[in-house]
Amino acid sequence: MKRIFDLLIVIVFAPLWLPVAGVVALAVWLKLGRPVLFAQDRAGLNGRTFTLRKFRSMLEGDGPDETRLTRFGRFLRASSLDELPELWNVLKGEMSLVGPRPLPVRYLDRYTHEQNRRHEVLPGITGWAQVNGRNSLDWETKFRYDVDYVDSRSLWLDVKILFMTAWQVIAPRGINHEGEATMCEFTGTKTDGPREVKI
């Protein structure tokens, strides 16, 4: 049912999001140049690697994120418009609309056993952690939300998260971690620690 739900939403709303994606692609090309898309290998279901694509929000270069993230890029992130190309990942079955956010493959050997359970479901464009603080949360709290979603997942919960996400697009919050342009590197957790069910 979840897969059918994802496909129905993406296909039914294609007349809305495809033109918006076209406009955003043009704006990225004019503001930031090529490439228009940012591509990175991420860990998906059961830790399998897939290529996630987003609209580029930073200038090319090797500098820190805060120097490469432009005002236009901040707008893309705040509005979540940079995430639109991930709908292609949903159509391919590599992602779902709702699920734990896919993270870099290099993090795989840094998770505790409990944290690694976030890979028991398809990663999502939005998720339970995203609507409960997004990047304002520390990594351990994010992962607790992710595992809580895995344990409590349902179609009803997905609908609830999508509505909460729509509200966050209107009134964005938690776009970056304190003192960071986006989110700091996850370096690992020594112990699983206690879990609190958030759903």
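See above for the structure.
Residues numbered from 1 in each chain as written. Predicted model: local features only at pLDDT ≥ 70, side-chain atom pairs only at ≥ 80, totals over all residues. Heavy atoms only, no water.

Some points on the packing of helix α1 (residues 2–12) against helix α2 (residues 14–32)
To describe two helices that pack against each other, one gives the angle between their axes and the distance between the axes. Operational definition: An axis is simply a line fitted to the C-alpha atoms; with a helix, the fit covers only the stretch in contact. Between two such axes, the angle follows the N-to-C directions and lies from 0 to 180 degrees. The helix count covers DSSP runs of H or I at least four residues long, the strand count covers runs of E at least two residues long, and both are numbered beginning at the N terminus. Contacts were defined at the residue level, with two residues in contact if any of their heavy atoms lie within 4.5 Å.
The interhelical angle for the contact between α1 and α2, taken along N-to-C directions, is 65°, at an axis separation of 5 Å. Of the residues in α2, those in contact with Val10, Ile11 and Val12 of α1 are Ala14, Pro15 and Trp17.

Structural notes on the pairing of strand β2 (residues 49–55)
Which entries qualify depends on this criterion: Being paired, for any two strands, means DSSP has found at least two bridges between them.
Where strand β1 (residues 37–43) meets β2, seven bridges bridge the pair, whose relative direction is antiparallel. When the bridges of β2 are listed, Leu37 appears paired with Phe55. Adjacent in sequence and paired antiparallel, β1 and β2 are bridged by five residues, among which Asn46 carries a positive phi angle near 60°.

Regarding the pattern of salt bridges
To be explicit about the condition: Every case where a carboxyl oxygen of Asp or Glu lies within 4 Å of a side-chain nitrogen of Lys or Arg is listed as a salt bridge. We call a residue buried when its accessible area falls under 20% of the maximum for its residue type, exposed when it is over 50%, and partly exposed in between, using a 1.4 Å probe and counting protein chains only.
One pass over the structure, following the stated rule, counts 13 salt bridges. The shortest N-O distance in the salt bridge between Glu86 and Arg101 comes to 2.7 Å. On the criterion of sequence distance, the pair formed by Glu86 in helix α5 (residues 86–91) and Arg101 in the loop between β3 (96–98) and β4 (124–126) is long-range, its members being 15 residues apart. Just as Glu86 is buried, Arg101 falls in that class too. A salt bridge links Arg117 to Glu120; its shortest N-O distance comes to 2.9 Å.

Let's talk about the nonpolar core
We count it as follows: To define a nonpolar core, start from buried Ala, Val, Leu, Ile, Met, Phe, Trp, Tyr and Cys residues and group those joined through side-chain atoms within 4.5 Å.
In this structure, Val28, Phe55, Leu87, Leu97, Trp128, Tyr149 and Ile161 are the most contacted members of the largest nonpolar core, which totals 30 residues. Secondary structure elements with two or more residues in this core: α2, β2, α4 (71–79), α5, β3, α6 (139–152) and α7 (155–170). Element by element, the count of residues in this core is highest for α2, at six residues. When neighbours within four sequence positions are excluded, Ile161 is seen to be in contact with Val98, Thr126, Gly127, Trp128, Val131 and Tyr149.

Looking at a nonpolar patch on the surface
Under the convention used in this document: Residues enter patches when they are more than 30% accessible in relative terms and free of salt bridges; like-charged ones are connected within 9 Å and nonpolar ones (Val, Leu, Ile, Met, Phe, Trp, Tyr) within 5 Å. Areas reported as accessible are Shrake-Rupley estimates using a 1.4 Å probe. Residue values count occlusion only from the protein chains shown.
Residues Met1, Ile4, Leu8, Val12, Phe13, Leu16 and Leu155 make up a contiguous nonpolar surface patch of roughly 730 Å² in combined accessible area. Ranked by residues supplied to the nonpolar patch, first place goes to α1 with three residues. Tracing the backbone through its elements, the reader meets Leu155 in helix α7.

Remarks on the packing of aromatic side chains
How we decide: Centres within 6.5 Å are what make two rings of Phe, Tyr or Trp a pair, Trp counting through its six-membered ring; a difference in plane orientation under 30 degrees is then read as stacked, over 60 as edge-to-face, and the rest as tilted. Each ring is checked for a lysine NZ or an arginine CZ that lies within 6 Å of its centre and within 35 degrees of its normal; such an atom marks a charge sitting over the ring.
Enumeration over the complete set of coordinates arrives at eight aromatic pairs. Taken together, a centroid distance of 5.0 Å and an interplanar angle of 85° make the contact between Phe143 and Phe186 edge-to-face. You can see Phe143 sitting in helix α6 and its partner Phe186 sitting in the segment after α7, a full 43 residues away along the chain. Each member of the pair, Phe143 as well as Phe186, carries the same accessibility label: buried. By the ring-pair criterion, three or more aromatic residues cluster together here, those being Tyr107, Tyr111, Trp139, Phe143 and Phe186. The positively charged end of Lys142 is found above the aromatic ring belonging to Trp139, 4.8 Å away from the centroid.

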